[in-house]
Amino acid sequence: GDDKKYVTNVTVGDLPTCDGSGHVLHYEVHHRIPRKNLKNDNANGNEVESSLNNHTTNSGIIALFLHGGPGSGCFPNHVRFFSPVLYEYVVLLDQRGCGRSTPMGQAD
């Protein structure tokens, strides 16, 4: 499949809400880069990592995946719903109280 033709660079983080509730939303950004655009993919990891960090095409579509809950959050496997041919970036966002967002199990 197309997945083997791409390298994925994943950034994870947390976003505090601005409503004073103390909730923090967890996110992952999966940036899929065609292997053909990387320098020396068979070389050591440092060269590939440097190439990943400096790769910007701005040609792909960004998908935002909001997990429907309740309770469970997003998983990296959810990225597979979006073809890397069309979607360069996939953002997975755990809703309030779900997955790795905190506090767990509280939506208000």
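This text goes with the structure placed above it.
Residues numbered from 1 in each chain as written. Predicted model: local features only at pLDDT ≥ 70, side-chain atom pairs only at ≥ 80, totals over all residues. Heavy atoms only, no water.

(A) Examining the overall build of the protein chain more closely. Helix and strand counts for the protein chain come out as 1 helix and 4 strands. Secondary structure elements of the protein chain occur, N-terminal to C-terminal, as β-β-α-β-β. When each of the 108 residues of the protein chain is scored for burial, the buried share is 33%. In the protein chain, 61% of the contacts between residues at least 6 apart in sequence involve partners at least 24 apart. Only carbon and sulfur atoms are counted for the fraction: they give 52% of the accessible area of the protein chain, which is about 6,800 Å². (Helix = DSSP H or I, 4+ residues; strand = E, 2+ residues; numbered from the N terminus. Buried < 20%, exposed > 50% of the residue type's maximum accessible area, 1.4 Å probe, protein only. Contact = heavy atoms within 4.5 Å. Areas by Shrake-Rupley, 256 points an atom, 1.4 Å probe, with all protein chains shown as cover.)

(B) Region of the structure containing the sheet that holds strand β4 (residues 87–93). The 4 strands lie next to each other as β1-β2-β4-β3, forming an open sheet whose pairing is mixed. The sheet is open, and its two edges are formed by β1 (6–16) and β3 (61–66), each paired on a single side. Neighbour-to-neighbour, the strand axes of this sheet turn through a mean angle of 20 degrees, independent of strand direction. Here 6 bridges tie β3 to β4, and the two strands are oriented parallel to one another. If you follow I62 over to β4, its bridge partner there is Y89. (Pairing = 2+ DSSP bridges. Axes fitted to C-alpha atoms, helices over the stretch in contact; angles between N-to-C directions.)

(C) Seen up close, the pattern of salt bridges. For the coordinates displayed, the defined rule picks out 2 salt bridges. Among the salt bridges present, the one from R96 reaches D19, with a minimum N-O distance of 2.1 Å. You can see R96 sitting in the segment after β4 and its partner D19 sitting in the loop between β1 and β2 (24–34), a full 77 residues away along the chain. (Salt bridge = Lys/Arg side-chain N within 4 Å of Asp/Glu carboxyl O.)

(D) The arrangement of the packing of aromatic side chains in detail. Under the criterion given, the structure shown has 3 aromatic pairs. A centroid spacing of 5.3 Å and a plane angle of 75 degrees characterise the contact between F82 and Y87, whose relative ring orientation is edge-to-face. Residue class for Y87 comes out partly exposed when judged on its relative accessible area of 22%. An aromatic cluster of at least three residues, connected via ring pairs, comprises F65, F81, F82 and Y87. (Phe/Tyr/Trp six-rings, centres within 6.5 Å; stacked < 30°, edge-to-face > 60°.)

(E) Highlighting the nonpolar core. Grouped together as the largest cluster of nonpolar side chains are 7 residues: A63, F65, C74, V79, F82, V90 and L92. Put simply, the parts of the chain that give this core at least two residues each are β3 and β4. Excluding anything up to four places from it in sequence, L92 contacts H26, Y27, E28, H30, F65, C74, F75, P76, H78 and V79. (Core = buried A, V, L, I, M, F, W, Y, C linked by side-chain atoms within 4.5 Å.)

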